[in-house]
Amino acid sequence: MKNIIFIAPPAAGKGTQSDLLVKKYGYVHISTGDLLRDEVNRKSELGIKIADIMSSGEFVSDEIVTELLKNRLTQNDTNNGFILDGYPRNLAQANTLDALLSELDKEGYCDDCGGELISRSDDNESTFKVRFDAYIENTQPILEFYREKGILNIIDNSGTPDNTFALIESVIK
Ligand code: AMP
């Protein structure tokens, strides 16, 4: 199975599409935001260190996120295909990921869908703007990085989640 990297602004529905792909194809969904939130929720030494940065919507340092991702990618369940959601988020991370993958030699309830709505500490109007701006400034430029490699697929996300899912399927099949 092809590994997938989702590059899209906050609240674009990366998590929703990942869940659908996990259910239908058995992908492993790796969200660096989730990995970081786990640390915060567990109140680990690292979690205490990053809690404020997470709540502000700013980026956590590349070193910290990359280390967490590396640990996650070395677990065996990632051998059959994984979705990266929230990483890479800037060009440095895109380069790190290339190196990492060759090193590891790895090929409330919503009215509409009934899904559970989870309120996150960085999920409010002011931090949304910080997160959105961070996406435009740091993450959007990496589209070019993957376009140049010939592995970029742009998905039109303006329709329903089902439409988006069908478009993603047409790329991975
Ligand atoms: P997300 O769930 O992807 O929106 O991530 C939530 C927060 O975790 C972000 O606003 C950042 O503070 C942090 N974060 C997640 N992934 C990364 C990353 N690749 N690089 C830096 N910070 C990250």
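That block above? That's the structure.
Here the structure is a predicted model, which means the values were calculated and not measured.

**Student:** What is the right way to read the site of the ligand from this model?
**Tutor:** Lining the immediate environment of the ligand, one finds 17 residues, of which Thr32, Glu58, Gly86, Arg89 and Gln93 sit closest. Residue Gly86 places a main-chain N or O atom 2.8 Å away from a nitrogen atom belonging to the ligand. Here the ligand loses 96% of its free accessible area of 470 Å² to cover by the protein chains. A per-element tally of the shell around the ligand places helix H2 (residues 32–42) first, with 4 residues. Here the shell around the ligand is built from residues that sort into 6 nonpolar, 5 polar and 6 charged.

**Student:** Help me understand unusual backbone geometry, please; the structure alone is not making it clear to me.
**Tutor:** With glycine set apart, most residues show a phi of negative sign, and most peptide bonds adopt trans. In this structure, Pro88 follows Tyr87 across a cis peptide bond, with omega equal to 0°. You can see Pro88 is positioned in the loop between strand S3 (82–85) and helix H5 (91–104). Positioned with a positive phi, Ala11 is a non-glycine residue whose angle comes to about 70°. Among the secondary structure elements, Ala11 is positioned in the loop between strand S1 (4–6) and helix H1 (14–25). In the Ramachandran plot, Lys43 falls in the positive-phi region, its phi being about 55° despite a non-glycine side chain. Residue position: Lys43 is located in the loop between H2 and helix H3 (45–56).

**Student:** Hey, could you run me through the sheet that holds S3 in this one?
**Tutor:** Across a sheet, paired strands are connected by hydrogen bonds in the backbone, their directions being either parallel or antiparallel. Taken in spatial order, the 3 strands of this open sheet run S1-S3-S2, and their pairing is parallel. Single-partner strands in this sheet number two, and they are S1 and strand S2 (28–31). Strand-to-strand twist in this sheet, taken as the mean axis angle between neighbours without regard to direction, amounts to 20°. In this sheet, S3 lies alongside S1 in parallel orientation, the contact comprising 3 bridges. Looking at S3, one finds that Ile4 is bridged to Ile83. Of the strands in this sheet, S2 and S3 are in contact with H2, which crosses S2 at around 65°.

**Student:** Honestly, the packing of H5 against helix H7 (residues 142–149) in this entry has me stumped. Any pointers?
**Tutor:** When two helices pack together, their arrangement is given by the angle between their axes and by how far apart the axes lie. It is the contact of H5 with H7, at a shortest axis distance of 9 Å, that shows an interaxial angle of 40°. When the axis of H5 is compared with that of H7, the two are oblique. Viewed along their axes, H5 and H7 form a crossing whose handedness is right-handed. Between H5 and H7, the contacting residues are Leu91, Ala94, Asn95, Leu97 and Asp98 on the first element and Ile142, Phe145, Tyr146 and Lys149 on the second. Classifying every residue of the contact of H5 with H7 by side-chain character gives 6 nonpolar, 1 polar and 2 charged.

Scoring rules and cut-offs
Residues numbered from 1 in each chain as written. Predicted model: local features only at pLDDT ≥ 70, side-chain atom pairs only at ≥ 80, totals over all residues. Heavy atoms only, no water. Near = heavy atom within 4 Å. Polar contact = N/O pair within 3.5 Å; in protein donor to acceptor, adjacent residues only side chain to side chain. Areas by Shrake-Rupley, 256 points an atom, 1.4 Å probe, with all protein chains shown as cover. Helix = DSSP H or I, 4+ residues; strand = E, 2+ residues; numbered from the N terminus. Nonpolar A, V, L, I, M, F, W, Y, C, P; charged D, E, K, R; others polar. Pairing = 2+ DSSP bridges. Axes fitted to C-alpha atoms, helices over the stretch in contact; angles between N-to-C directions. Contact = heavy atoms within 4.5 Å. Parallel < 35°, antiparallel > 145°, perpendicular 65-115°, else oblique. Left-handed = near helix turned anticlockwise from the far one by under 90°.

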